[in-house]
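Reading the structure
Below are the chains, spelled out letter by letter.
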Amino acid sequence: MPKPVFLSGIQPTGVPHIGNYLGAIKKWVEIQDNYETFIMVADLHAITIPREPKEFKEKTLEIVALLLACGIDPKKSTLFIQSQIPAHTELAWILNTITPLGELERMTQFKEKKDRAGALAGLLNYPVLQAADILLYKTNVVPVGEDQFQHLEFARAIAKKFNSKFGETFIIPEALSDKITSRIMGLDNPNKKMSKSAKNPNNYIALLDSPEIIRKKIKSAVTDSGKEIKYDRENKPAIANMLDIYAAFSEKTFGQLEIEFREKSYAEFKEELTELLIAKLTPIQKKYKELSKNKNLLEKILENSKTKASKIANKTLLEAKEKVGFII
Ligand code: ADP
Ligand code: TRP
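Report on the accompanying structure. (Residues numbered from 1 in each chain as written. Chains lettered and ligands numbered in written order. Predicted model: local features only at pLDDT ≥ 70, side-chain atom pairs only at ≥ 80, totals over all residues. Heavy atoms only, no water.)

1. Describing the overall build of the protein
What the protein contains, in helices and strands, is 13 helices and five strands. Radius of gyration (C-alpha) of the protein: 21 Å, near the 20 Å computed for a compact globule of 328 residues. Seen through its principal axes, the protein has C-alpha atoms that stretch 70 × 45 × 45 Å. Here the protein, with 328 residues, has 48% of them falling under the buried criterion. Contacts spanning at least 24 positions in sequence make up 73% of the contacts within the protein whose residues lie at least 6 apart. (Helix = DSSP H or I, 4+ residues; strand = E, 2+ residues; numbered from the N terminus. Rg over C-alpha atoms; globule rule 2.2 N^0.38 Å. Buried < 20%, exposed > 50% of the residue type's maximum accessible area, 1.4 Å probe, protein only. Contact = heavy atoms within 4.5 Å.)

2. Observations regarding empty space enclosed by the protein
Summed over all chains, the structure comprises one cavity of 30 Å³ or more. There is about 40 Å³ of room inside the largest cavity. Among the elements of the structure, α6 (108–117) and α7 (121–136) are those that each provide at least two residues to the lining of the largest cavity. (1 Å grid on protein atoms, 1.4 Å probe; cavity = no way out; pocket = protein on both sides within 12 Å on 5 of 7 lines; lining within 4 Å. Points joined across faces, edges and corners; volume = space filled by probe spheres on them.)

3. What to know about the pairing of strand β2 (residues 36–41)
Across the six residues that make up β2, a large majority, five, are buried. One crossover worth recording links strand β1 (residues 5–10) to the parallel β2 by way of helix α1 (residues 18–31), and it is right-handed. When β2 meets strand β3 (residues 77–81), the two strands line up parallel, connected through five bridges. Within the sheet, the bridge partner assigned to Met-40 lies in β3 and is Phe-80. (Right-handed = clockwise from strand over helix to strand, strands pointing away. Pairing = 2+ DSSP bridges.)

4. Overview of the pattern of salt bridges
Taken as a whole and assessed by the stated rule, the structure comprises 15 salt bridges. Linking Lys-26 and Glu-251 is a salt bridge whose minimum nitrogen-to-oxygen distance equals 3.4 Å. Separated by 225 residues along the polypeptide, Lys-26 in helix α1 and Glu-251 in the loop between α10 (237–250) and α11 (254–260) bring together distant segments of the chain. Here Lys-59 ties to Glu-62 by a salt bridge, and the two come within 3.6 Å at their closest N and O atoms. Here Lys-59 and its partner Glu-62 are both found in helix α3 (residues 53–69), three residues apart, which amounts to about one turn of the helix. (Salt bridge = Lys/Arg side-chain N within 4 Å of Asp/Glu carboxyl O.)

5. Overview of the site of ligand 2
Taken together, 13 residues lie near ligand 2, and Gln-11, Met-40, Tyr-126, Gln-130 and Asp-133 sit nearest. Tyr-126 places a polar side-chain atom, nitrogen or oxygen, 2.7 Å from a nitrogen atom of ligand 2. Between ligand 2 and Asp-133 there is a distance of 2.7 Å, counted from a nitrogen atom to a side-chain nitrogen or oxygen. Across the complex, the protein chains shield 87% of the 360 Å² of accessible surface that ligand 2 would expose by itself. Elements that contribute at least two residues to the shell around ligand 2 include exactly β1 and α7. The biggest single contributor to the shell around ligand 2 is α7, with four residues. (Near = heavy atom within 4 Å. Polar contact = N/O pair within 3.5 Å; in protein donor to acceptor, adjacent residues only side chain to side chain. Areas by Shrake-Rupley, 256 points an atom, 1.4 Å probe, with all protein chains shown as cover.)

6. Points about the packing of α7 against helix α8 (residues 149–166)
Direction vectors running N to C along α7 and α8 enclose 70°, while the axes themselves pass 9 Å from each other. Considering the angle they form, α7 stands roughly perpendicular to α8. You can see that α7 and α8 cross each other, and the crossing is right-handed. Taken together, the residues of α8 that come into contact with α7 (itself represented by Tyr-126, Pro-127, Val-128, Gln-130, Ala-131, Ile-134 and Leu-135) are His-151, Leu-152, Phe-154, Ala-155, Ile-158 and Ala-159. (Axes fitted to C-alpha atoms, helices over the stretch in contact; angles between N-to-C directions. Parallel < 35°, antiparallel > 145°, perpendicular 65-115°, else oblique. Left-handed = near helix turned anticlockwise from the far one by under 90°.)

7. Things to note about the packing of aromatic side chains
For any pair of aromatic rings, the description rests on two quantities: the centre-to-centre distance and the angle between the ring planes. On inspection of all chains with the given rule, the structure shows 10 aromatic pairs. Both rings, one in Phe-162 and one in Phe-166, keep their centres 4.8 Å apart while their planes meet at 45°; by these two values the pair is tilted. Of the two residues, Phe-162 and Phe-166 both sit in helix α8, four residues apart, roughly one turn of that helix. Given a relative accessible area of 0%, Phe-162 falls into the buried group. A centroid spacing of 4.9 Å and a plane angle of 55° characterise the contact between Phe-162 and Phe-170, whose relative ring orientation is tilted. A connected cluster of aromatic rings, assembled from ring pairs, spans Phe-38, Phe-80 and Tyr-137. Cation over ring: Lys-321 sits above Phe-326, and NZ or CZ is 6.0 Å from the ring centre. (Phe/Tyr/Trp six-rings, centres within 6.5 Å; stacked < 30°, edge-to-face > 60°. Lys NZ or Arg CZ within 6 Å of the ring centre and 35° of its normal.)

8. Digging into the site of ligand 1
In the neighbourhood of ligand 1, the contacting residues comprise Ile-10, His-17, Gly-19, Asn-20, Gly-23, Ala-24, Arg-183, Ile-184, Lys-193, Met-194, Ser-195 and Lys-196. At 3.1 Å from an oxygen atom of ligand 1 is found a side-chain nitrogen or oxygen belonging to His-17. Note that an oxygen atom of ligand 1 is positioned 2.6 Å from one of the side-chain N or O atoms of Lys-196. For ligand 1, whose free accessible area comes to 530 Å², the fraction covered by protein is 84%. Examining the composition of the shell around ligand 1, we find that four residues originate from one element, α1, more than from any other. Counted by class, the shell around ligand 1 contains four nonpolar, five polar and three charged residues. (Nonpolar A, V, L, I, M, F, W, Y, C, P; charged D, E, K, R; others polar.)

Everything listed is a geometric property; what it means functionally is a separate question.
Now the structure itself:
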């Protein structure tokens, strides 16, 4: 039996943080043994908000090296750069021609982002490109946090529409819900999620933060009133968030941690969390440094995955083009 196909993507923007790691990357690393895994650096999506070209290029290479350093194994997963596979934009164009404008205008992410970035057509068509990403690889499952749920629903709807209009072509992807880890919230505000594009660096622990910075950031992280280390999302959101981080990195349960920290103060808990983060992030950072120096190896990995991804994507694209009636 062939393995089911799993695909996800991450944009090469902002500062990759422990929320991205615990909520996405770490799960991809676990999944790659059981699924035919495609991990895509979504650089075409990233330019729906204007980027500075030089920095953008560096960010793309940074995220590739970071994903590898976190344990994405090129022998198990196809880690590729979206813009290197022209089939994505080509299929997106075809899908655009069967997409009602109203559906795109109703998307929450478009409505939120257009005020910040201006209502550019690329931002509006963002979900169509994402549908193409997913459908090209005959993807069975896509992990979805709440912010991507609508986009997956759209991909499913457009795949069904294409299939019924032109004949069976695409697999209808399913959502792999990521309820296992809660959203990691900002260290400066436990009611808002930790974000790559946060203005205040104290919002996040970046995967590449040095031990000194981690120490400083955890020290200044907001806490709740009271002094008990207890998992209570409603009344103690800041401590609950730090317990979430602690539990995910240590693979301990909240119950175990509550016992472990029963006699301890917030300050002592923060100190132990700091040491845990340093212990977990240092090996990733070491690997990242080695990889960043080895440009040849990175190029080779990207070249191989480009070849593999192109082959699959082009085959699906060809099927779609034939169905539409293009001369091939
Ligand atoms: P951000 O929202 O920080 O800009 P992205 O939207 O690029 O990050 O998300 C990349 C991946 O990381 C997605 O799969 C997303 O679900 C996950 N992710 C982002 N932020 C968090 C968070 N705070 N907690 C858990 N997972 C997160
Ligand atoms: N839009 C996703 C994000 O911002 C990234 C992405 C692009 C993606 N294409 C995808 C995720 C396909 C899953 C499947 O996080």
